[in-house]
Amino acid sequence: MSTEVTSIQQKNNSFWSNWKKFWSEPGFAILSLILALAILFFIVAPVFAVLLRSFGIGAGTLTLDYYEQFFSTSLYLNSLWNSVSAAFITTIVVIFLSTVFSLYVTRSHSFLAKSYRGAALLPLVAPPFIFSLALIILFGSNGVITQFLNNWFGWEFSIYGYWGVVIAQILAYFPVGFMLIESTMRNMSPSLEQASSDLGAGQWRTLRKVVLPLAKSGIIKAALLVFVMGLSDFSNPLIIGESVPFLASEAYLTVVGQNNMELAAVLGVFLIIPSFIVFLFQTYFFKDANLETISGESGGNNIPLTKPVKFVSSFISTLFVSFILLMFVMVVLGAFVNIIGVDNSFTLDHFSGQTGWDTLNLSIIVSLLAALLASGLGMLQGFLLARKPIPGKKALEFLTLFGLAVPGTVMGIGYVLIFNGPPLFLTGTVLLLVLNMTFRKIGVGLEAGVSKMHQIDSSMEEASNDLGGGPYRTFLKIVMPLLSPAFISGFVYTFMTAMVSISSVIFIIAPGTNLAAVYILDLASSARIGMASAMSFVLIVIVIACMGILKLIEKRTGFKI
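Residues numbered from 1 in each chain as written. Predicted model: local features only at pLDDT ≥ 70, side-chain atom pairs only at ≥ 80, totals over all residues. Heavy atoms only, no water.

Colleague: I tried to follow the side chain of Thr438 on my own but got confused; where do I start?
Modeller: In this structure, Thr438 sits in helix α19 (residues 430-455). Residues within four places of Thr438 in sequence aside, it is in contact with Ala370, Leu373, Ala374 and Leu377. (Helix = DSSP H or I, 4+ residues; strand = E, 2+ residues; numbered from the N terminus. Contact = heavy atoms within 4.5 Å.)

Colleague: Can you walk me through the environment of Phe129 in this structure?
Modeller: Topologically, Phe129 is positioned in the loop between α5 (111-120) and α6 (130-139). Once residues within four sequence positions are removed from consideration, Phe129 is found in contact with Ser235, Asn236, Ile239, Ile502, Ala517, Ile520 and Leu521.

Colleague: What's the story with the packing of aromatic side chains in this structure? I'm lost.
Modeller: Each aromatic ring pair is described using two quantities: the centre-to-centre distance and the angle formed by the ring planes. Applying the stated rule across the entire model yields 40 aromatic pairs. An angle of 20 degrees between the planes, with centres 4.9 Å apart, marks the rings of Phe42 and Phe439 as stacked. With Phe42 in helix α2 (residues 26-54) and Phe439 in helix α19, this pair connects stretches of sequence that are 397 residues apart. Under the relative-accessibility criterion, Phe439 is labelled buried at 4%. Their ring planes at 80 degrees and their centres at 5.3 Å tell us that Phe336 and Phe537 sit as a pair that is edge-to-face. One end of the pair, Phe336, is in helix α15 (residues 307-336); the other, Phe537, is in helix α24 (residues 529-557), and 201 residues separate them in sequence. Phe336 sits in the partly exposed class, given a relative accessible area of 22%. Among the aromatic side chains, those forming a connected cluster through ring pairs are Phe55, Tyr67, Phe70, Phe71, Tyr76 and Phe270. (Phe/Tyr/Trp six-rings, centres within 6.5 Å; stacked < 30°, edge-to-face > 60°. Buried < 20%, exposed > 50% of the residue type's maximum accessible area, 1.4 Å probe, protein only.)

Colleague: I keep staring at the nonpolar core and nothing clicks. Help me out?
Modeller: Nonpolar side chains in soluble globular proteins generally cluster together in the buried interior. If you look at the biggest cluster of nonpolar residues, it comprises 166 residues, and the most contacted ones within it are Phe101 and Phe439. Ranked by the residues each element gives to this core, the list is headed by helix α8 (residues 162-186), at twelve residues. Once residues lying within four places of it in the same chain are set aside, the contact partners of Phe101 are Tyr116, Arg117, Ala120, Phe174, Phe178, Ser317, Phe320 and Val321. (Core = buried A, V, L, I, M, F, W, Y, C linked by side-chain atoms within 4.5 Å.)

Colleague: Help me understand a nonpolar patch on the surface in this model?
Modeller: A contiguous nonpolar surface patch, about 660 Å² in accessible area, is contributed by Trp16, Trp19, Trp23, Ile30, Leu31, Leu33 and Ile34. Secondary structure elements with two or more residues in the nonpolar patch: α1 (2-22) and α2. Among the elements that make up the nonpolar patch, the one with the highest residue count is α2 (four residues). By the secondary structure assignment, Trp23 is in the loop between α1 and α2. (Patch = residues over 30% accessible without salt bridge, like charges linked within 9 Å, V, L, I, M, F, W, Y side chains within 5 Å. Areas by Shrake-Rupley, 256 points an atom, 1.4 Å probe, with all protein chains shown as cover. Salt bridge = Lys/Arg side-chain N within 4 Å of Asp/Glu carboxyl O.)

Colleague: When you look at the side chain of Ser504 in this model, what are you seeing that I'm missing?
Modeller: You can see Ser504 is positioned in the loop between α22 (484-499) and α23 (516-525). Assessed through its relative accessible area of 0%, Ser504 is described here as buried. The residues touching Ser504, leaving out its near neighbours within four places in the chain, are Gly408, Met411, Gly412, Asn436 and Arg440.

Colleague: I tried to follow the packing of α8 against helix α11 (residues 216-231) on my own but got confused; where do I start?
Modeller: A pair of packed helices is characterised by two quantities: the angle between their axes and the separation of those axes. Remark: α8 packs on α11, axes separated minimally by 8 Å, with the N-to-C direction vectors making an angle of 160 degrees. By the angle class used here, α8 and α11 are roughly antiparallel. You can see that α8 and α11 cross each other, and the crossing is right-handed. Along the contact surface, α8 presents Gln169, Tyr173, Val176, Gly177, Leu180, Ile181 and Thr184, while α11 presents Ser217, Gly218, Ile219, Lys221, Ala222, Leu225, Val226, Met229 and Gly230. Of the residues contributing to the contact of α8 with α11, the split by class is nine nonpolar, six polar and one charged. (Axes fitted to C-alpha atoms, helices over the stretch in contact; angles between N-to-C directions. Parallel < 35°, antiparallel > 145°, perpendicular 65-115°, else oblique. Left-handed = near helix turned anticlockwise from the far one by under 90°. Nonpolar A, V, L, I, M, F, W, Y, C, P; charged D, E, K, R; others polar.)

As structure tokens, then:
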């Protein structure tokens, strides 16, 4: 009994000691509390709002009627099945392609292999629905290839529907799988493959018994991420899915078509559950899993591929890269001709709409503000979590990063539930768009800030304090300049992703605050392919220019961003 009392007293003393340390620098303590409240209000509260509304809480009564309606309606069950099965197929194909592709680019040193790596990442600079647009240009009812096959062979088919969505998802989410698997394969120690070869194993056997098992953590992480992204895909089903229901798009249509927030919340719950599970796996289970493949020799020259392996991997990689490039070429051509495949005469008319430029200007303003806030707040939070004795810092970091995992559709519904009425009627305002994008991306700035703080020796801050700099002056004069690479990387990433963001903001825009990505989605949904291609082209150019600026800053400053 006395031992328990002593233990409780020690815990109380420890708590009060930490609490006093926390308030020893009141400026940082107040900033920490403001950040914690903002995270709770703009990330956690919307998710809880969706969860509670799915049970009718907030609409007058606690009920399971909306879940019963979901499970008794074939439309919603079909949307669940279509989303899960499409995400599953997308994941399988993406992992296969990413593995083969990664094998080729990490074990070949030719110019072609390096070029393929850049081409594989091209989808990152485009809105997520651009491949639906390109597929319609090629395989739509009046598509270029559709007409050719119809005229020459009498074949008639349509890309619209379930398989069109699957193909668009494979193209859109391939870079995610590729980056994770390529990183794992590139960091493998070549000595393990060399040892396998010395023991007489052929390269096919080495790949099966050594390379793939070592790459399993990257492959599993990639599979989980791609599956969740496919499951919560919003824009591709709207453009190319035609009448086939999917969870995210059906949630949007339930909100705008029926104003049934409760049922939309139920659909949102089925999106958030797998995302939350994957986030837990990524955070706690796979966090250090990559270490097992990294040795002191990691990053060295990998064993070259034998001719048969190289032929197969390069053949599949070439086909896929060609298809990706074809998609981009189609969008660019679609922007500069009257009706691609029908009237191929050059025109700039698709760029002449004032509405498109207005939405583009607003997108740039909103994305810039969101990027500044997300990177600045993320960097500040990274410093506070890494250096200051903040109570519950692990929970705060977890909740901040959780914002990256929440599907945009869920966040959008949550924002409508919270900000579409008193006391905070902000729906349709630029301020809410900025806040939405800021807190969905703040986790990137936080991760960059924490990583950078771990690289900075605390002795510099101690020396500044010893010389009378004080904690705040030390932060401004010593820490902030050292954190500038983290700020820039968070800024550029947030700006690029905010420019093409759509699934969350589409719920909270208004006629005067429409954004470019949402405008392009409207154009594509209403078959105005030329204008949609023109706006997509401009958006891609802006995002590529951002990446160019990032590289230029890297080169000029010497900072590795």
